[in-house]
4 protein chains.
Amino acid sequence: MKPLRIGLIGYGFMGRAHSNGFRKVNNFFDLEYQPVLKAICARSEDKAKSFAAKWGYESIETDWRKLVEREDIDLIDICTPNNTHAEIALAAAKAGKMILCEKPLSMNGPEGEKMVKAIEKSGVPNMVWYNYRRVPAVTLAKQLIDEGKLGRIFHYRAKFLQDWTISPELPQGGTALWRLDVKAAGSGVTGDLLAHCIDTAIWLNGSFDKVNAMTETFIKERKHNITGKVEKVGIDDACAFLARFSNGSLATFESTRYARGHKALYTFEINGEHASIFWDLHDLHRLQYFDHRDQGIVRGWRSIHVTDGDHPYMGNWWVPGLQIGYEHTFVHQVADFLRGLGNEKPASPTFRDALETQYVCDAVLKSAKSGRWEKVKKLK
Amino acid sequence: MKPLRIGLIGYGFMGRAHSNGFRKVNNFFDLEYQPVLKAICARSEDKAKSFAAKWGYESIETDWRKLVEREDIDLIDICTPNNTHAEIALAAAKAGKMILCEKPLSMNGPEGEKMVKAIEKSGVPNMVWYNYRRVPAVTLAKQLIDEGKLGRIFHYRAKFLQDWTISPELPQGGTALWRLDVKAAGSGVTGDLLAHCIDTAIWLNGSFDKVNAMTETFIKERKHNITGKVEKVGIDDACAFLARFSNGSLATFESTRYARGHKALYTFEINGEHASIFWDLHDLHRLQYFDHRDQGIVRGWRSIHVTDGDHPYMGNWWVPGLQIGYEHTFVHQVADFLRGLGNEKPASPTFRDALETQYVCDAVLKSAKSGRWEKVKKLK
Amino acid sequence: MKPLRIGLIGYGFMGRAHSNGFRKVNNFFDLEYQPVLKAICARSEDKAKSFAAKWGYESIETDWRKLVEREDIDLIDICTPNNTHAEIALAAAKAGKMILCEKPLSMNGPEGEKMVKAIEKSGVPNMVWYNYRRVPAVTLAKQLIDEGKLGRIFHYRAKFLQDWTISPELPQGGTALWRLDVKAAGSGVTGDLLAHCIDTAIWLNGSFDKVNAMTETFIKERKHNITGKVEKVGIDDACAFLARFSNGSLATFESTRYARGHKALYTFEINGEHASIFWDLHDLHRLQYFDHRDQGIVRGWRSIHVTDGDHPYMGNWWVPGLQIGYEHTFVHQVADFLRGLGNEKPASPTFRDALETQYVCDAVLKSAKSGRWEKVKKLK
Amino acid sequence: MKPLRIGLIGYGFMGRAHSNGFRKVNNFFDLEYQPVLKAICARSEDKAKSFAAKWGYESIETDWRKLVEREDIDLIDICTPNNTHAEIALAAAKAGKMILCEKPLSMNGPEGEKMVKAIEKSGVPNMVWYNYRRVPAVTLAKQLIDEGKLGRIFHYRAKFLQDWTISPELPQGGTALWRLDVKAAGSGVTGDLLAHCIDTAIWLNGSFDKVNAMTETFIKERKHNITGKVEKVGIDDACAFLARFSNGSLATFESTRYARGHKALYTFEINGEHASIFWDLHDLHRLQYFDHRDQGIVRGWRSIHVTDGDHPYMGNWWVPGLQIGYEHTFVHQVADFLRGLGNEKPASPTFRDALETQYVCDAVLKSAKSGRWEKVKKLK
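Cut-offs used in this document
- Residues numbered from 1 in each chain as written.
- Chains lettered and ligands numbered in written order.
- Predicted model: local features only at pLDDT ≥ 70, side-chain atom pairs only at ≥ 80, totals over all residues.
- Heavy atoms only, no water.
- Least-squares fit on C-alpha atoms with pLDDT ≥ 70 in both.
- Contact = heavy atoms within 4.5 Å.
- Helix = DSSP H or I, 4+ residues; strand = E, 2+ residues; numbered from the N terminus.
- Buried < 20%, exposed > 50% of the residue type's maximum accessible area, 1.4 Å probe, protein only.
- Polar contact = N/O pair within 3.5 Å; in protein donor to acceptor, adjacent residues only side chain to side chain.
- Buried area = accessible area lost by both parts, 1.4 Å probe.
- Salt bridge = Lys/Arg side-chain N within 4 Å of Asp/Glu carboxyl O.
- Nonpolar A, V, L, I, M, F, W, Y, C, P; charged D, E, K, R; others polar.

Q: Report on the relation of the copies chain D and chain A, specifying residues and quantitative values.
A: Once turned by 180° and shifted 0.0 Å along the axis, chain D lies on chain A with an RMSD of 0.0 Å. The operation mapping one copy onto its partner corresponds to a two-fold rotation axis. Among all residues of chain D, the minimum C-alpha distance to the rotation axis is found for Gly325 of chain D, at 2.3 Å. In this assembly the copies share their binding face: 100% of the residues contributing to the interface of chain D also contribute to that of chain A.

Q: Give me the side chain of Lys103 of chain D: which residues, what numbers.
A: Residues and elements named next belong to chain D. Tracing the backbone shows Lys103 in the loop between β5 (98-101) and α5 (109-122). A relative accessible area of 6% places Lys103 in the buried class. A polar contact is formed between the side chain of Lys103 and the backbone oxygen of Gly191, at a distance of 3.5 Å. At 2.5 Å, the side chain of Lys103 forms a polar contact with the backbone oxygen of Asp192. Residues contacting Lys103, with those up to four places away along its chain left out, are Asn82, His85, Val128, Trp129, Tyr130, Gly191, Asp192, Ala195 and His196.

Q: Hey, could you go over the interface of chain D and chain A for me, with residue numbers and the actual values?
A: Listed by partner, the interface residues are 39 residues for chain D and 39 residues for chain A. Both sides of the chain D and chain A interface together cover about 3,400 Å² of buried area, and 47% of this is carbon and sulfur. For the interface between chain D and chain A, the tally reads eight salt bridges. Note that Asp30 of chain D is salt-bridged to Lys54 of chain A, the shortest N-O span being 2.5 Å. Viewed at the interface, chain A and chain D are joined by 35 residue pairs in polar contact (both at pLDDT 80 or more). Broken down by secondary-structure element, the contributors of at least two residues to the side of chain D that touches chain A are α1 (13-28) and α2 (45-55) of chain D. A total of nine residues in the side of chain D that touches chain A trace back to one element, the largest contributor, which is α1 of chain D. In terms of residue class, the side of chain D that touches chain A is built from 16 nonpolar, 13 polar and ten charged.

Q: Could you give an account of the relation of the copies chain C and chain A, naming the residues involved and the relevant values?
A: Once chain C has been moved 0.0 Å along the axis and rotated by 180°, it coincides with chain A to within an RMSD of 0.0 Å. When you check the interface residues of chain C against chain A, 100% turn up at the interface there too, and the contact is symmetric in its surfaces.

Q: Which residues make up the pattern of salt bridges, and what values go with them?
A: Inspection of the entire model under this criterion finds 132 salt bridges over all chains. With its nearest N and O atoms 2.8 Å apart, the salt bridge here joins Arg286 of chain B to Asp283 of chain C. Linking Arg286 of chain B in strand β15 (residues 286-291) with Asp283 of chain C in the loop between β14 (275-280) and β15 (286-291), this pair reaches from one chain into another. Judged by relative accessible area, Asp283 of chain C falls into the buried class, the value being 14%. Among the salt bridges present, the one from Arg133 of chain C reaches Asp199 of chain C, with a minimum N-O distance of 2.8 Å. Placement of the pair is Arg133 of chain C in the loop between β6 (126-128) and α6 (136-146) and Asp199 of chain C in helix α8 (residues 189-205), with a sequence separation of 66 residues. One exposure class covers both Arg133 of chain C and Asp199 of chain C, and it is buried.

As C-alpha cells, this is what we get:
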C-alpha cells in the first residue's frame, strides 16, 4: 500500500470524524493507498498535542500556513469554520496538495468559484465532505434511481430538523458555537443543514432550476462568546423553500433548529411514477421503498434494513442485521476518495460539484430577501 | 330482503358491538337478509328499556327463557357471561332458533360438546363471535396463506397483552368485572384472550398437536363485588404456552393483563419458507408482509395499509387510505353469517369449529397444572 | 328526543358518510335531538330510490328545489359538487332550513361571502363538514395546544398526499370524477385536500398572514367523461406553499395526487417551545407527542393510542385499545352539531369559520400565478 | 498510558470485531491503558499474515500454545469455535495471562466450572464478550431498572430470530459454518443466540429459577464441509422456552434461524408495575419506554433515540441524533474492561458471571429432552 500523508487542520467534531475515517479505512476496505496521520494543526498548541496523542498524529502545527508548506504532507484536510475554507484551500492548491474540505465549500458562490478555479488549475485531487452520500441506504437510493426503478420523478421533499438553539440563553460565536455566528458561518441552517439536503438532492434528482424561500431568525439577539456583548443574530434559524428542478419535478425543503423533538432529523422522500423512496437520518440504516408494480393486495412501503452483503458498502462490515452508524459515512468517503485517485472518475463531490450547492444556497438566501422566485446559477 | 328477527340476550360491551353490526350491515353490504332488532333481554327492566331505546329494539324481555320461546324471534344472540352460554344455547336449540354465541363457546370442552351435539341435532344455523377473523388484514393473511405464498410454515407466535388489572384495588365479580370471577368466566386470560389467539391460529395454521403451559395469578385475593368479601382469585392473570401444530410448526402463545403499556395488544406472526406475516390489533388496518422472493437489495417488510377496494371487505366501505375500526369486524361477521344462510358453506366458526378452541384451552390449563406436555383432543 | 328531519342532497361518497353519521349518532351519544332520515335527493330517480332503500330514507326527491321547500324537512345537507353549494345554500337559507354543507364551502371567497351573508341573515344553524377536526387524536391535539402544553409555536407543517391520478388514461369529469374537472371542482388539490389542511391549521394555530405558492398540472390533457373529448386539464395536480401565521410561526403545506405510495396521507406537525405534536391520517387513532420537559434520559416521541375513555369522544365507543376509523369523525360532527343547537356556542366550523379557509385558498392560487407572497384576506 | 499487549486467537467475524474495539478505544475514551496489537494466531500462516497486515498486528503465530507462552503478551483473547474455549483458557490461566473469551463461555456448565476454577485460581482479570450489555440503549434499560423506574417485574420476553439457514442446500461445518456443526458449537441457537438473550436477562432481571423448553431441527441432514458427506444435523435450529425467574416474573424466550424476514432480530421486553421497556437489535440505537405515571391523556410508548450526551457511553461519540452501530458495543466492552483493571469491581460479565448462562442453557437443553420443567443450577 502506498502511504498518503494527511495534514489535518481543525480538531473539532469534524476533525474527529475525519481522523476516524482515515484510521479505520484500511481495516475494512482493500485499497491501494493507506492514509498516514502525519500532522494536526490547531492554533492552540495544547489542543493540538492532546488531539495528536488521542488520534495518533505524528506531529503538530499551530500555523496552518506552515502545514501547507510541509513537504511530508500529501493531503490537506480542512475542518475549520466556513470563513477560512477559501484562504486555506487556495494556499494548499498553490502548494500542490490534494485537498479535502469540510462542507459547505465556501461562504458563497463567488468565493467557491475562486476555489474551484484555483484547484482545477493546480490539478490536484479534491473532494468536499458531503458525507450523507455515503450512507449505504442513501447510496442504495441513488442506485435504484439510476436503474430507473422510480420512472419520471414528480416530487422531492427534504427537511433537516433540529432543536438545540431554542433557549435564548445560548450564546453565539467562539470555538464551540461558531455555527451561530454569521461572520464565521456565512449563514445559519441554510449553509449548515440545507446544504446537505441540497447536495443529496442534486446527486439524486439533478439540477435545480429555481427556488422561492423564506427565512426567520426567532431569537434576535444573543450574547457573543468572543466580544462578551449581546449582539444581533445574523444567521437564519429556519429556512424553507419551494423549488423546481430541471427534470420538471416540484420540491420542498425545510430546515430549522427550532423543531422540538428532533435532534438531527434529515429526511428526504422522492415520488416517482412507479416507485417512491424515503430515508431518515435518525434510522439511517433503513430505506423505505414503495413499488407500485408489486401485486396490489400486498403492496406496501418496504422497510429495507440496509445491512446485507449486496447493499452498498455493507459487504465490508459485519453480517446481515448488524447496523453501522454515522461515522461510517466518513470511512466510506475516504475509501471512495482513495479508490478515485488516479482513476478517470474521481470521488464525488469534487470542489466543482460542491459549487453547485453554493449556487442553490445563494439563490435561496436571495429569494428569502426578494420574496420571489430566483433562478439558480447553472454550473458550467 | 327477508327480515331476520333478532333476540339479543345481554346488554354489555358485546351487546352493543353486535347490535351495531346488525344495524349497519345492510347499509354497506348487499344481502338477502335484513336483521330486525326485535327484542333485547336483560334481568333489569330499566337496563333493558334503556338499551332498547338507544339501539332501536322493538321490545324487551327480562327472562331469557321467554325470549327463547317467542315465535317472532328467528335468532338468539347470546352476549352473557361464559357460565350461561350452555344453558341458553341448549334451550334455544331446542326451540329451533338460529344461535349466535359470544366467545368462548363454553366453560370447557365437555360442556361445549353438549352444545355442539344439541345444535347439530336441531340443525339450526349457528356461529361463535370470534370476530378477529373478520379484520380485513387478518382475512388477507388467511388469503395469502391459502394461496401458498408462505410455503411450509416453521413458526407461529401470538400474544394478547393488556394492563388493566395491575391495581390490587380492583375488585372482582358482578356485572362489570365478571371476567375476573372464575365462577362466571371459567378462566382468566386463557378463555378471554388466548381463546381469540387460538381461534385465529387454528384458522390460519391448522390443528394443534400438543401444548406446554404455565399460568400465574399475580394478585392472589381481591374484594368480590357481589359478596363484598375479600376472596381468593381463581382466574389466571397470565398464561404462556409452547405448542406444536400438526403441520410441524412450533409456536409460542402468551397472554397477560399485567403488561404495562398495552391496552389490547393482540399480535401474531407466521414465518414460512418463502414469506412471513405480522399483524397487530393496535393498528388493525395494517398487515406486515415480508416476501423473500423480492429482489434482494429491495427486500423488506411491507407495511400494507389494508384499505383498498380489492382487500377483503374493504370495497364495501370508503376509499383507499381511510381506515375502519374494531366494530367493523362485527359488521363483517353478520354479513358473512347472512351470506351463509341457505348455502352449503356456512360462516365460520360454527359451534363445532369453536369447540376446537375449547379443547386447546382445556389442554393449556391442564398442562399448567401438570407441568408437562398435554395432547390436544382432536375435533371429530 | 326531538326529531331533526334531514333532507340530503347527493348520494355519493359523502352522502354515505353523512347518512352513516346520522344513523349511528344516537346509539353512541346521549343527545337531545335525533336525526330522522326524511328524504334523499338525486337527479336520477333510480339512484335516489336505491340509496333510500339502502340507508332507510323515508322518501326521495329528484329536484333539490322541491326538497328545500318541503315543510317536513328541518335540515338540508349539501353533498353535491362544489359548484352547486352556493345556489343550494342560498335557497335553503331563504327557506329557513338549517344547513350542513360539504367542504369546501364554495368555489372561492367572494362566493362564500354571499353564502355567509345569506345564512347569517336567515339565522339558521349551519356547519361545514371539515370532519378531521373530529378525529379524536386531532381533537386531543387541539386540547393540548389550548392547555398551553406546546408554548410558543415555531413551526407548522402539513401535507396531504395521494397517488390516484398518475395514470394519463384516467378521464376527468362526470359523476365519479368531477373532482378532476375544474368547472365542477373550482380547483384541484387546493380545494379538495389542502382545504382540509388549512381548516385544521386555522383551528390549531390561528390565522394565516400570507402565503407563497406553486402549483403544477402534470398531465395536461385528459378525456372528458361528459363531452367525450380530450380537453385541457384545468385543475392543479399538486400545490405546495410557504406560509406565515399571525402568531409568528412559519409553515409549509403541500398536496399532490402524484405521490406514489400514499393513498390519503394527511399529516401535520407542530413544533412548539416545549412540546411537539404529529398526526397522520393513515394511522388516525394515534397521536405522536414529544415533551421536552420529560426527564432527559427518557425523553422521546410518545405514540399515544388515542382509545382511552378520557380521550376526546372515546368514552362513547369501546374499550381502551380498540380503534375507531374514518367514518366516526362524521358521527362526532353530527353529535357536536346537535349539542350546539340552542347553545351559545354552535359547533364549528360554521359557514363563517369555513370562509376563512376560502380566503387562504384564494391567496394560494393567486400566489401560484403571481410568483410572490400574497396576503390572506382577514375574516371579519 | 500503560500498554496492554494483546494476543488474539482466531481471525473470523469476532476477531475483526474485537480488533476494531482494541484499535478504537483510546480515540474515544480516556483510559489508563492502551491495547497494543501484539500478535494474531491462526492455524493458517497466510491467513494470520493477511489479518495482521489488515489490522496492524505486530506479529503472528500459528500455534496458540506458543502465543500463550509468549512473554510479550499480557492478554489472550479467544475468538475460536466454542469447543476450543476451555483448553485455551486453561492454558492461558496457567500462563498467568488476562483472558477475554468470546461467548458462550463453554460447551456446557461442567466445562465452564473448570474454566472458572482455573481462572479464579490464577487470579487474572477476565471477561466474556456478551457485547449486547454495552449497547447504550440496553445499558440505559439497566440503569432505569436499577433506579426502580419499573417497580415489580411481571414479565420478561426475549427472542432472537434469524433466517439464514432455511435452505437445505446450506452445508454444515468447517471454518465458515462451524456454528451448524454440533461438535464445534455444542448446540445450535441455544448456545449461539439464546445465550445472548439469557445473559441480558440475568443482568436485567436476575436469576432464573426454572425453564421448560422445546427444540426442533427442521433440516435433519446436511452435507458436512469437512467430511464431504451428508450427515445428521445435531444442532437445534429453533428453541423456545418458558421460564420463571427468582423475582417471581414469568418469561418466554425463543430463537430460531427459520424466521423468514429477520436477519438478527434480538428483542426483549420487560413489563413492570409502573413502566415497561422494549429494545430491538435491528434499531439498536432506540429504546422504547412506557411510563404509566405519565399524565393519562398523553401516555404512550416513548421512542428514545439514545444518542444524547447523558445517555450511557454516548458522550464519548458524536452529537445528539447521530447513531452508532453494532461494532461500538465491543469498543465499550474494551473500555469497561480497561476501566475495571485494578478496580474492586471488574467489568462484567466475568467467567463466573457467564457460567450462570451456561447453567440456564444446560437446563433448557435438558428440558427439551425431558419435556418438563427443569430447575436451573444456582451460581455460587
